[in-house]
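Structural features, examined
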Amino acid sequence: MNVRAQVSMVFHLDKCIGCHTCSVACKNQWTDRKGVEYAWWNNVETKPGAGYPVRWEDQAERRGGWVKDGEGVKLRQGGRAATLGRLFHNPALPVLDDYYEPWTYEYEHLFTAPAGTDQPTARPVSLLDGRPLDVRAGPNWDDALGGSEVYARGDPGLEGATESERAALLEVKRLTYFFLPRMCNHCLNAACVAACPSGAIYKRGEDGVVLVSQDRCKGWRMCISACPYKKVYANWETGKSEKCILCYPRLENGEAPACFHTCVGRIRYLGVLLYDADRIPWAASRPDDELVDAQRALLLDPRDPAVAKQARADGIPEQMIDAARRSPVLRFVKDWGLALPLHAEYRTLPALFYVPPLLPVLGEPALERGLFGELGQARLSMRYLAGLFGAGNEAPVRAAYLKLSAVRLHRRASQVGDVTAADAAAALARAGLTAPQADAIHRLTALADMSERIVVPPLAREGATEPVLEPQAHHADGLGLLRVLGGGR
Amino acid sequence: MSWIEDVIRPRAQDWEELYRTRHQHDRVVRSTHGVNCTGGCSWNVHVKNGVVALETQATDYPRLCPDVPGYEPRGCQRGISFSWYLYSPLRVKYPYLRGTLLDLWRAARAEHADPVDAWASIVGDPVKRRAYQQARGKGGLRRASWDEALELVAASTVHTVKRHGADRVVGFSPIPAMSMLSFAGGTRFLQLLGGVSLSFYDWYCDLPNASPEVWGEQTDVAESADWYHSKYVVAMGSNVATTRTPDVHFLAEARHDGAKLVVLSPDCSDSAKYADEWVPIHAGQDGAFWLAVGHVLLSEFHHQRQVPSFQDYVTRFSDAPFLVELEAKGRALAPGRLLPAASLPRLAGEENAAFKFLVWDRTTDGPRAPQGTLGHRWQARKGQWNLDLVEATDGGEIAPVTSFLEQHDAVVQVAFPDHATGEVALRGVPVRVVATDRGPVQVTTVMDLLFARYGVGRGLAGDYPASEDAPGAYTPAWQEPFTGVDRRDVVRIAREWAGTAERTGGKCSIIIGAGVNQWYHADLAYRAAITALVLTGCVGKNGGGLNHYVGQEKLAPVAPWSQIAFGLDWARPPRLQNAPSFHYVHTDQWRYESPEEDLRFDPARTGKLAAGHTMDHQVRAVRLGWLPFYPQFDRSPAEVVRQAEAAGARTDAEVVAWAAKEIAERRLRFAVEDPDAEESWPRLWFIWRANALASSAKGHEYFLRHYLGTHHGSIAPEAAEGAVRDAVWRDAPEGKLDLVVDLNFRMDTSALYSDVLLPAATWYEKDDLNTTDMHSFIHPLQAAVPPCWESRTDWHIFEDLARRVSALSGAHLPGLVRDLVATPLMHDTPAEMAQREVLDWSKGECPAVPGKTMQGLAVVERDYVHLHDRFGSFGPVARKAGIGAHGISWKVDDLLDDAVRDGPSVEWGGTRYPSISEPKDAANLILRLAPETNGESAWRAWKAEEEKVGKRLVDLAEPNRGVRTTFADLARQPRRLLDSPCWTGLTGGGRTYSAYVLNVERGVPWRTLTGRQQLYLDHPGFLAFGEGLPTYKPRPGLDGSHDLRTTQDGPGEIRLGFLTPHGKWSIHSTYGDNLRMLTLSRGVHPIWLAPADAARAGIADHDWVEVKNDNGAMVTRAVVSARIPAGIALVYHSPERTVGVPKAPSRGKRGGMHNSLTRVRLKPTLMFGGYGQFTWASNYWGPTGNNRDTTVLVRRLDRAPSW
């Protein structure tokens, strides 16, 4: 056993309203500058939909992530030798049109327009070259089924669906959608790290955050093609790759990452997971239908004294172990099996998990149903959802839905009574939940305040500093290594 | 796979400092977003090196209680994009004037030493006036200095007051609660001047008239945390998942606690997909759905089985048991007036007996008059205005009979028209006979009328539907063609609803908004829904009730704030104008409305009260004192006083008497009677915190044409000539306004079209107060940085303007100027008893008595020389009169003494006053006086209410009597509001706020005729329009007869209903022009089309399209989405025409925006006044600017758009 700590995330999609407050918070903080105007480290997509960059899930084209290779896995885009051969021509790399050409407007024209015969207006212009731009793409182009005939039907996740199944998604009786916020998954088996020819990408030992060293990045962009989630971005100004840093400057100060802090739907949970790094090769190489379970099995229970003991032995600070015990992510992912990794078949072992969304029941008139509808009456097929959250395996997704539904019936029975206690108990039994578990799920879903939802572990900055210099002598610099070491920029 | 390993290599990680440095900031200041959005979210503004870097939500709202989810974080994608504005190229940094005007002004100033003379020389010259009017909106702005700009504005103000009258100076700013002092700065200036403050809630069509109709309340709703208590939520016309971003988590959390969420929506909205069940109802047909739900509720829960808690509730808290007289109407009987106590010889001598109403007492088997009705409210003897079921005469208990089904004298056939088909059903209704002063009359109960109206036969004879499956109003089968909803779903939802209400004691709620409220007959749809709530005992409960969220206005500390905002501390009454009437008349939109159109919108008109063009209804409403109208007269109101004085009137009463006689004898005419005559025009318009010419301007192109006199896109034919009897028809003037002054921080459409553009501080650059009804806290805006560039706060701009007006007044408006102010009969005053019958003095039906049969008249002294002194000091009137709201008042003189002693004060004219020259000082004075923030004031307010009601209430205030709140306290943490009788929720012990809990739990009456929730409206006008009972009236449909008279359908053009719901990427027009929101949407404000409609017109996703009708045209791109049902098009409210708008081919000019396609139509029933809850107050009652019944043509642009 080799215990490591990972700051991990859960997004409760049933609560997500697709407002993009997270996206703007991130942009204001990190990518509001030349070279990364087009980059949204955090974005929100509508599903079904083509996403950003467009059709990022189409790995036949994009060549991201890992594929099974005998007993192990290999990068889909090829090993290091193949990668080096593509440094100067990488056809899997998305181009600007796959994202969008960033633009602004000639706002100042409204002030400066000379007296004329008609009203002035501010035309859109490219942020790249300043010329008038015919805006044809954006980072959220198919929001809320915008252009659904074009974009929703272009969802790679629907490729296995029959034409009539795809068409049904556009009919009023079956039509629906949901929002999928996306950010770097800070994967345990990150393809970007593996693909970097310069060794510039690393996973921080203290919290598992995956970072692109802006010192060492040489701009080869192999990380961009390797990341199956397309969450590494090229900064065209600096020529280097940049990505979500999980707001480590905020984490280090005990604050939630900006996208977590600002999540007004209260869908975001953050906490530490302990996992057994020795079993990564095992977990990453399971058959598709075992991947979700395997990743869950990789996670260790910090309440287990043996795990805690080994964690200490592996250098994990006590306070991190303590935070892991209070982790809401542990509960959603490991204890309850409600939160599932996105596209586990990419085999990167993401540290971000999603509780799948409840959706309205079918719009058939006079459909026989319980108060909340039945699982089989959902507007999105289990197959589609399993494609996102089950690596194609419906079982873990179905299990999560049974639990979500049972919690609601249990609460309804106790508070209203038009669901009988017996029916609620049966639903709990079917879902494999006890009543106290159901109440705990309800509590963490509905009542938990920020300090319970977002359990930022105390990050021991002095520990990172000590090997380099005497912390006490430099506390006024905020232990700022850069200034001390003379590496300012 | 060995290369993936965790690393701790501090030397290799030194680069990480890069992002740490970027994250750093120096200062965090609490503020919020101060206009339009009612979210009321507390934000932390991060300042770095003296510059605002970004904002994140404050997350320190005190938790209400552990069993309810907390309020953190509040704040959405729009709010978090606000910092973009501060330093953006859209920011108004300096004062600007239209170049044409600036040149004229400089030339005039060179010629005239006196600025007022200079202004007069420009506006007095038709050529010069036209020159700058026609330049409006066409570019050519030039920078000016503050001195130059404000001198011009002050000169124009003084000239207008002097030459035309103060009531020609008008101001518009909406929704004060969001930044109440920024609002108040402008209105205080205007009211001290004698100017006019325009309303907004009704104009935005956000006022739900059903609320005053049923509850006598403007609006009162639950805070969003209360949703969590609800176990069955129906959302309709309200896309909360998009528009109530910071609140909607409570719905998800309620669902995970076992609540069911049903969404009625024509499109698959964000809320629809968030629900357990989406009912894709046809647009604007929610009323029909709820009437059918009501049918099931009445049939299955009030008749076949009677739920005791429902029975008890309707008996005590609704008008269900009240007696209604049946009147002969043609050959049948029709529901008539509520039977008043005055009809009974036994009670006729009681005070206000005409306004005390009767129920049938089971014990005495006869009519008795329970306490708590309007007559008890305004009688001399206090303490009988409560919901106790006793008769005040002898204190005898009353056991009201809600239905005469079991025991009646007869069953008579009563006519119930189905306004959808025109068919009249005759349905049996059980009656008792009452001996009255007029002889025996047949009465029934409101409940019996409801059964009959809803088609629940109960075994009675008549045209009753045989079952829920039978056609006939209002069965589930009946509603199918209107709503498109299967009858079985209606029945199932109704049963789920009632079952939940029965088991939980009323924890069913409706979330409702603009999607229902912005139709012409919105009040009918609301009443249908409210009736369902009342029938199941769901109003006045935590987790229950009608939660209307659109533009809702909850300015919590309303009592002291209104003193400051409307200058009531110096002079009363203020001039408050309902904007819908103002703009309908003055932008001449009435001229384009045909009598056929009126009938099409409402064919159910019978009798003279319902007859006539809408403009005739409007003029009558002013004539009889139901609605205000400014300018008041065909001459200056100060001139009227001078003429009265010349005729010998000395006292105020003599002036009023003289004016009343002149009015009665038609020598003094109301301006509304000849609105296009030059002497009736408004002249000077101040716009601040608003986009009054664009996002707010229903009939925008008519604003451009008739107000501004510049280019416009209307090609509509005039249609009212000859049809309007009570207003003079003359050639339509273009360019009524002499000057439009806009205070703004961004270059929006209104700024672009104004004459003078003054740079306003943003919400991160000023101190102010913020409250909302979405939560129960008060928190501040604060200056994170000083006003940037040359901007100033709204308060300081108006203060400076007041100073300049005072300086010019020495020569032009010296001394005390007497001004005759006309005001309508007012809600929450005894004028609610002014007009039981509608009698018209102008037709000789009654004498013209000011404040009784016509407008009230009052002489007010203006002191223009000391206008600035008055502005900055809190005046003496409130010290004498106290402060109050809703018909109660209490003393605050000692609190004002404290303010003079402890706070900043100012002395002038020999008296020392609390100083409010700084907004923060005004904020502190409000906090010091308001019962919501000062426990002593709360105690006094409850004491006053207790005396009026006659039931113990001060216990609500005692636990918090020592609470005092200051601005500094709010800067530290949002504070929860204290309970006050100005509001109807009770929050002690960490309870969530829900409306009308006070009424249900403490027996305080609603402010209605019966004092109960009023399902039956017996105003003769409502009866004439067939709206006494909950009713369905059809939509006018898509034939386009009202919007497409000139515009003809061309090839490739499709005809669609045009809806403007609230959207995701803006709060009205704010944020929608910023780069963040435009980037996250599609860079334009597109029109959303259904695939089938788009295919008919050959439109593909993202094609450019022109959208047009007679009113105007806009050009945008199409989004073709399966989310949209065929037949309707959506443009989310609200685009600007300033950003990315090409030329409109059909007009050859710049395309407009959504309001280019609208024209406002006023609903006449909403104009009635002077009777119970149908009595006017600003933003409380009156016609709305409804805009959903709009038809457009859409076509694809053949070629790239022209810019």
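Fair warning: this is a prediction, and the values are worked out from it, not measured in the lab.

What to know about helix 24 (residues 637-646) of chain B
Residues and elements named next belong to chain B. Taken together, the buried positions of helix 24 are Pro637, Ala638, Val640, Val641 and Ala644. Buried residues along helix 24 cover an arc of 155 degrees about the axis, so they all sit on one side. Taken together, the buried residues of helix 24 touch helix 25 (652-664) and strand 29 (817-823). Here helix 24 starts with a cap whose side-chain oxygen sits 3.1 Å from the backbone nitrogen of Ala638, and that cap is Ser636. Where helix 24 ends, the next residue or the one after it, Gly648, has phi of about 105 degrees, a positive value.

So, unusual backbone geometry
Cis geometry marks the peptide bond from Glu72 of chain B to Pro73 of chain B, where omega comes out at -20 degrees. For Pro73 of chain B, the position within the fold is in the loop between strand 4 (51-57) and helix 2 (83-86). For the bond from Ala473 of chain B to Tyr474 of chain B, the omega torsion is -5 degrees, close enough to zero to count as cis. Looking at the secondary structure, you find Tyr474 of chain B in the loop between helix 15 (446-453) and helix 16 (476-483). In this structure, Leu349 of chain A takes a positive phi of about 55 degrees despite not being glycine. Summarising the element assignment, Leu349 of chain A is placed in the loop between strand 14 (340-341) and strand 15 (352-355). A positive phi angle, near 75 degrees, is found at Tyr1071 of chain B, a position not held by glycine. Looking at the element boundaries, Tyr1071 of chain B is found in the loop between strand 36 (1054-1059) and helix 37 (1075-1080).

Observations regarding the pairing of strand 4 (residues 72-75) of chain A
All names here are of chain A. The two faces of strand 4 differ: Val73 and Leu75 on one face are buried, but Gly72 and Lys74 on the other face are not. Bridging between strand 3 (residues 66-69) and strand 4 involves four bridges; their strand directions are antiparallel. Pairing of Trp66 across the sheet is with Leu75, part of strand 4. Here strand 3 folds back onto strand 4, and the loop between the two strands holds two residues, one of which, Gly70, carries a positive phi near 65 degrees.

A closer look at the pairing of strand 43 (residues 1190-1196) of chain B
Residues and elements named next belong to chain B. In terms of burial, strand 43 is largely enclosed, as six of its seven residues are buried. Here strand 36 pairs with strand 43 via five bridges, running antiparallel. Paired with Ile1054 across the two strands is Val1194, which belongs to strand 43.

A word on the packing of helix 4 (residues 115-123) of chain B against helix 5 (residues 126-134) of chain B
Residues and elements named next belong to chain B. Contact geometry for helix 4 and helix 5: axes closest at 5 Å, N-to-C directions at 85 degrees. One finds that helix 4 runs roughly perpendicular with respect to helix 5. In contact with Trp119, Ser121, Ile122 and Val123 of helix 4, helix 5 contributes Lys128, Arg129 and Tyr132.

So, the confidence of the model for chain B
Here chain B averages 97 in pLDDT, while 100% of its residues score no lower than 70. Listed scores for the predicted complex are pTM 0.97 and ipTM 0.97.

Looking at the packing of aromatic side chains
Enumeration according to the criterion identifies 86 aromatic pairs over all chains in this entry. Aromatic side chains Phe82 of chain B and Trp763 of chain B sit 4.5 Å apart centroid to centroid with 15 degrees between the ring planes, which places their arrangement in the stacked category. Here the residue Phe82 of chain B occupies a position in the loop between strand 4 and helix 2, and Trp763 of chain B occupies one in the loop between strand 26 (756-759) and strand 27 (768-770), the gap between them amounting to 681 residues. As far as burial versus exposure is concerned, Phe82 of chain B and Trp763 of chain B are alike and both buried. Here the aromatic residues Tyr105 and Tyr107 of chain A together with Phe82, Trp84, Tyr85, Phe745, Trp763, Tyr764 and Tyr1071 of chain B are joined through ring pairs into a cluster of three or more. The cationic tip of Arg143 of chain B hangs over the ring face of Tyr94 of chain B; the distance from NZ or CZ to the ring centre is 3.4 Å. Here the basic side chain of Arg961 of chain B rests over the ring of Trp939 of chain B, its NZ or CZ set 3.7 Å away from the ring centre.

Brief notes about the packing of helix 3 (residues 99-111) of chain B against helix 5 of chain B
Residue and element names in this part refer to chain B. Contact geometry for helix 3 and helix 5: axes closest at 7 Å, N-to-C directions at 150 degrees. On helix 5, the residues touching Thr100, Leu101 and Leu104 of helix 3 are Lys128, Ala131 and Tyr132. Looking at the contact of helix 3 with helix 5 residue by residue, the classes come out as four nonpolar, one polar and one charged.

What about the interface of chain A and chain B?
Taken together, the contacts link 132 residues of chain A with 122 residues of chain B. A buried area of about 11,100 Å², summed over both sides, lies between chain A and chain B, and 56% of it is on carbon and sulfur atoms. On the chain A side of the interface with chain B, the three residues burying the most area are Tyr107, Phe111 and Gln119 of chain A, jointly 8% of the side's total. At the boundary of chain A and chain B, one finds 16 salt bridges. In this structure, Arg408 of chain A and Asp276 of chain B form a salt bridge, with 2.6 Å as the shortest nitrogen-oxygen distance. Residues that form the side of chain A that touches chain B fall into these classes: 71 nonpolar, 28 polar and 33 charged.

What about the nonpolar core?
One finds Phe389 of chain A together with Phe189, Trp290, Trp685 and Phe686 of chain B to be the most contacted residues of the largest nonpolar core, which totals 504 residues. Element by element, the count of residues in this core is highest for helix 12 (residues 286-301) of chain B, at ten residues. Ile1054, Leu1056, Ile1099 and Val1194 of chain B belong to the second-largest nonpolar core, a separate cluster that totals 18 residues.

Some details on the environment of Tyr996 of chain B
Residue and element names in this part refer to chain B. As for its placement among the helices and strands, Tyr996 is situated in the loop between strand 35 (975-976) and helix 35 (997-1002). The exposure class of Tyr996 is buried, given its relative accessible area of 2%. On a C-alpha basis, the gap between Tyr996 and Gly545 in space is 8.7 Å, while along the polypeptide they are 451 residues apart. Beyond its immediate chain neighbours, meaning those up to four positions away, Tyr996 contacts Ser211, Trp215, Glu217, Asp220, Val539, Gly540, Thr984 and Trp1006.

Side note on the side chain of Gln218 of chain B
Mapped onto the elements, Gln218 of chain B comes out in the loop between helix 8 (210-215) and strand 9 (232-236). Excluding residues that lie within four positions of it along the chain, Gln218 of chain B makes contacts with Tyr201, Leu207, Pro208, Ser211, Pro212, Glu553, Ser1178, Asn1179 and Tyr1180 of chain B.

Re the confidence of the model for chain A
Of all residues in chain A, 95% have pLDDT values of 70 or greater, and the mean over the chain is 93. Taken together, the stretch residues 481-489 of chain A has pLDDT below 50 and engages in 22 contacts with residues farther than four places along the chain or on a different chain.

Here's the deal with the sheet that holds strand 10 (residues 260-264) of chain B
All names here are of chain B. Judged by pairing direction, the sheet is parallel, and its five strands sit side by side in the order 11-10-9-21-22 without closing on themselves. A strand with exactly one partner marks an edge of an open sheet, and here the two such strands are strand 11 (277-279) and strand 22 (545-548). Direction aside, neighbouring strands of the sheet carry axes that sit 20 degrees apart on average. Relative to strand 22, strand 21 (residues 508-512) is paired through four bridges, and the arrangement is parallel. Residue pairing in the sheet places Ser509 in a bridge with Gly545 of strand 22.

Basis of the calculations
- Residues numbered from 1 in each chain as written.
- Chains lettered and ligands numbered in written order.
- Predicted model: local features only at pLDDT ≥ 70, side-chain atom pairs only at ≥ 80, totals over all residues.
- Heavy atoms only, no water.
- Buried < 20%, exposed > 50% of the residue type's maximum accessible area, 1.4 Å probe, protein only.
- Helix = DSSP H or I, 4+ residues; strand = E, 2+ residues; numbered from the N terminus.
- Arc of directions from axis to C-beta.
- Contact = heavy atoms within 4.5 Å.
- Polar contact = N/O pair within 3.5 Å; in protein donor to acceptor, adjacent residues only side chain to side chain.
- Pairing = 2+ DSSP bridges.
- Axes fitted to C-alpha atoms, helices over the stretch in contact; angles between N-to-C directions.
- Parallel < 35°, antiparallel > 145°, perpendicular 65-115°, else oblique.
- pLDDT = per-residue confidence, 0-100.
- Phe/Tyr/Trp six-rings, centres within 6.5 Å; stacked < 30°, edge-to-face > 60°.
- Lys NZ or Arg CZ within 6 Å of the ring centre and 35° of its normal.
- Nonpolar A, V, L, I, M, F, W, Y, C, P; charged D, E, K, R; others polar.
- Buried area = accessible area lost by both parts, 1.4 Å probe.
- Salt bridge = Lys/Arg side-chain N within 4 Å of Asp/Glu carboxyl O.
- Core = buried A, V, L, I, M, F, W, Y, C linked by side-chain atoms within 4.5 Å.

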